[in-house]
Amino acid sequence: MKLNYKLVLTLVSLSAVLGTSCQKETLDQKPQASLDATTAIKDAASLTAATLGIYSGFQSGSYHGLRYFAFADLYADNMSHTGTFPSFATIANKQILPDNTEVGSMWNSMYSTINRANTVIAAIPSIADQSVVKDNVLAETRILRANVYFDLIRYWGGSKTGFNQAGGVGVPLVLTPTLVEADAAPRVRATEATVLGQVITDLDFAIGISTFANKNVTGRVGKDYAKALRARVALYMGDYATAQTYATELITSTRYALTAGADYKNIWALKNTSESLWEIQYEPTNSNSIAFFYYTTATGGRNEIATASGLNTAHEAGDLRQLVNASTTGGAATNLKTLKFTRVATGDDNVVMFRLSELYLIRAEARAQIGTDLVGALSDLNVVRARAGLAVSAAATTADLMTAILKERRVEFAHEGHRFFDLKRTNTLSSTLGASLFGISGVFDNTFRALWPIPQREVLTSGGIIAQNTGY
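A short tour of the structure in this document, coming up. (Residues numbered from 1 in each chain as written. Predicted model: local features only at pLDDT ≥ 70, side-chain atom pairs only at ≥ 80, totals over all residues. Heavy atoms only, no water.)

Before going further, it helps to examine the pairing of strand β4 (residues 276-280). With 5 of 5 residues buried, β4 lies mostly within the body of the structure. By the bridge criterion, 4 bridges tie β4 to strand β6 (residues 351-355) in an arrangement that is antiparallel. Of the residues in β6, the one forming a bridge with Trp278 is Phe354. (Buried < 20%, exposed > 50% of the residue type's maximum accessible area, 1.4 Å probe, protein only. Helix = DSSP H or I, 4+ residues; strand = E, 2+ residues; numbered from the N terminus. Pairing = 2+ DSSP bridges.)

Below, the discussion takes up the layout of surface pockets. Picture a little ball the size of a water molecule; that probe, rolled over the atoms, points out where space is still empty. Considered as a void within the structure, the second largest pocket measures approximately 280 Å³ in volume. Contributing to the lining of the second largest pocket are 15 residues, with Val133, Asn136, Val137, Glu140 and Arg220 lying nearest its centre. Looking at the lining of the second largest pocket, the elements that each hand over two or more residues are α3 (44-59) and α7 (134-156). Among the elements that take part in the lining of the second largest pocket, α3 stands out by supplying 4 residues, more than any other. Grouping the constituent residues of the lining of the second largest pocket by class yields 7 nonpolar, 6 polar and 2 charged. (1 Å grid on protein atoms, 1.4 Å probe; cavity = no way out; pocket = protein on both sides within 12 Å on 5 of 7 lines; lining within 4 Å. Points joined across faces, edges and corners; volume = space filled by probe spheres on them. Nonpolar A, V, L, I, M, F, W, Y, C, P; charged D, E, K, R; others polar.)

Further remarks concern the pattern of salt bridges. By the definition in use, this model includes 34 salt bridges. A salt bridge links Glu102 to Arg67; the nearest nitrogen and oxygen atoms lie 2.6 Å apart. Placement of Glu102 in helix α6 (residues 101-123) and of Arg67 in helix α4 (residues 67-74) is noted, with a sequence separation of 35 residues between them. Comparing Glu102 with Arg67, the two get one shared label, buried. A salt bridge links Arg457 to Glu458; the shortest N-O distance between them is 4.0 Å. Taking relative accessible area as the criterion, Arg457 reaches 37% and is therefore assigned partly exposed. What you see here is one network of salt bridges that share partners, running through Glu275, Glu316, Asp319, Arg321, Lys340, Arg355, Arg385, Arg387, Lys407, Glu408, Glu412 and Glu416. (Salt bridge = Lys/Arg side-chain N within 4 Å of Asp/Glu carboxyl O.)

So, about the side chain of Asn288. Following the sequence through the fold, Asn288 ends up in the loop between β4 and α12 (290-294). A polar contact is formed between the side chain of Asn288 and the backbone nitrogen of Ile290, at a distance of 3.2 Å. Dropping the residues within four chain positions of it, Asn288 is found in contact with Gly65, Tyr282, Gly347 and Asp349. (Polar contact = N/O pair within 3.5 Å; in protein donor to acceptor, adjacent residues only side chain to side chain. Contact = heavy atoms within 4.5 Å.)

This model, assessed by the stated rule, comprises 34 aromatic pairs. Between the aromatic rings of Tyr68 and Tyr155, the centroid separation amounts to 4.8 Å while the plane-to-plane angle is 80 degrees, which identifies the pairing as edge-to-face. Taken together, the residues Tyr68 in helix α4 and Tyr155 in helix α7 connect sequence positions 87 residues apart. A single burial state applies to Tyr68 and to Tyr155, both of which are buried. (Phe/Tyr/Trp six-rings, centres within 6.5 Å; stacked < 30°, edge-to-face > 60°.)

So, on to empty space enclosed by the protein. Enumeration according to the criterion identifies 1 cavity of 30 Å³ or more in this entry. Its volume calculated, the largest cavity comes out at about 180 Å³. If you go around the largest cavity, you meet 20 residues; those closest to its centre are Phe69, Val352, Met353, Glu416 and His418. When residues of the lining of the largest cavity are traced back to their parent elements, those giving at least two are α4, α7 and β6. Counting residues per element, the lining of the largest cavity draws most heavily on β6, which supplies 5 residues. Here the lining of the largest cavity is composed, by residue class, of 9 nonpolar, 5 polar and 6 charged.

Laid out in C-alpha cells, this is it:
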C-alpha cells in the first residue's frame, strides 16, 4: 500500500511560518476551508492527518522536494547550473545575496514544517482517543522536528570552519505552535549548541520510547531513522564514539542490506529497497519536479541543473556508480544527468533520506578519527568500494583514510545533498573549491560563505532581532 502524504486535514496554524515576521494583513485573513488548530486534532484520524501534514512539508519543492539537496551539490562541485534561473546561478557561482528568493523560500518552507510538528506535539496531551499511543506519535513528530532543525543548522548555522565549535551560530528555536498573532513575534537566534542540543533531545526521546517501532510504516520514520540521524549529527559534532555506536547497532541489526553493485540504480528505480531507512514518498497524484529540473526539453524537462564534469571524472575506472551519477542522457559531459531521478512525466521519484551505505561510511570516519581501529575503518570503506566494483583501498593512516572516505562520499552520495556539508564540516571548502570562493584570497575574505545568508526579509521585518550572518 502506497503512503500519500497529501494533506487530508488543513489546520490554521499549519499555513503559518514560524520564526518569521508575519504581515498583519496575512494574519487577518479568515481561512475559508480550514480548521482551528486548537480543536481540530482530537482523535486518531485527525492526528494521523496532521502528522502526514508534517511529511507533506518535507515534500515541498523548496525543501527536500528538490532545493535542499540539490543546492548542497550545486553550491559545491558536484553539480552545474545549465538553465536560466538567476536565483540558481548565484548559488552555483557562490555569490548568494540575502534577497535570493530560493533562500527565503527554503527558510519559510522549513519553519512551516517545524510549525506543523509543533502543532501536533502540543495537541497530543489533550487527545482522549484511547487508540492513540501518544508516546509513539510524539517520537515520530519529534524526529521530524529534529531533522528540520539539523537541516537549518547545516546551511545557516555553525561556523566558518565547521560545526560544534566555539562561537557557532544557530537559528531561531521555536518549540511551540503559532496559533495567534502574538505567537509569530520574531525570536532571536539561539546558539548552535542550543539548537543541536534540542535536536539531540528530540532524537533521544524517540530512541527511548520502548513501544516505538524500529521500522515504521513505509514512508514514515521509525526508531532506526532516529538512530541513523543521531549518528549523522554526532559525526558533524565530532562525537565519534556516539556516531560509531549507533552506526554499528544499525549495521549489525541485519534489518537493512546493501543493493548489489550491478543493481545500484535500483535503489531509486524500485523505491523503498532494503538499503533505505527512510524515503520521502511521491506518486503521480502527489508529485515533484525533480527530474523535470534535471532533464532536457527534448525529454520534457527544463534542463536547469546537471552533473558537473568534475564529478564525472572523479569516478575511478570501473566504478559502477558512474553511469548512475553521470549518465549520457543529457548529451555533452558538462550537461550529464543522473539516474537517481528519472520520472519526468509522472514526477514520482522518491527522495532517499538515509541508506545503509552512509552508516558504513559514518562508522569508517568515526573509527578513523578515534584512531584505535584503523583496520575497521578501512574495512567499512572497502564495503562501499566493493559494492561499487572497485579494488580495496590501501589507506592506512587517519589522514589517508579521511581523504579516501571524503572522496568515496562524494561519488556515493552524488545528487543526494551531502557534498557542501561534508566540505563545510571538515573545514575543506577552501582547499577543495578554492580560496577565491571560500577562503582568503588577496584582500578578499570569503570564508563567511560557509554559512548562507539569513533571508533579508527575516532580518528587516524582525527589526534586527534576527541577526544576519557575518559578511552579508
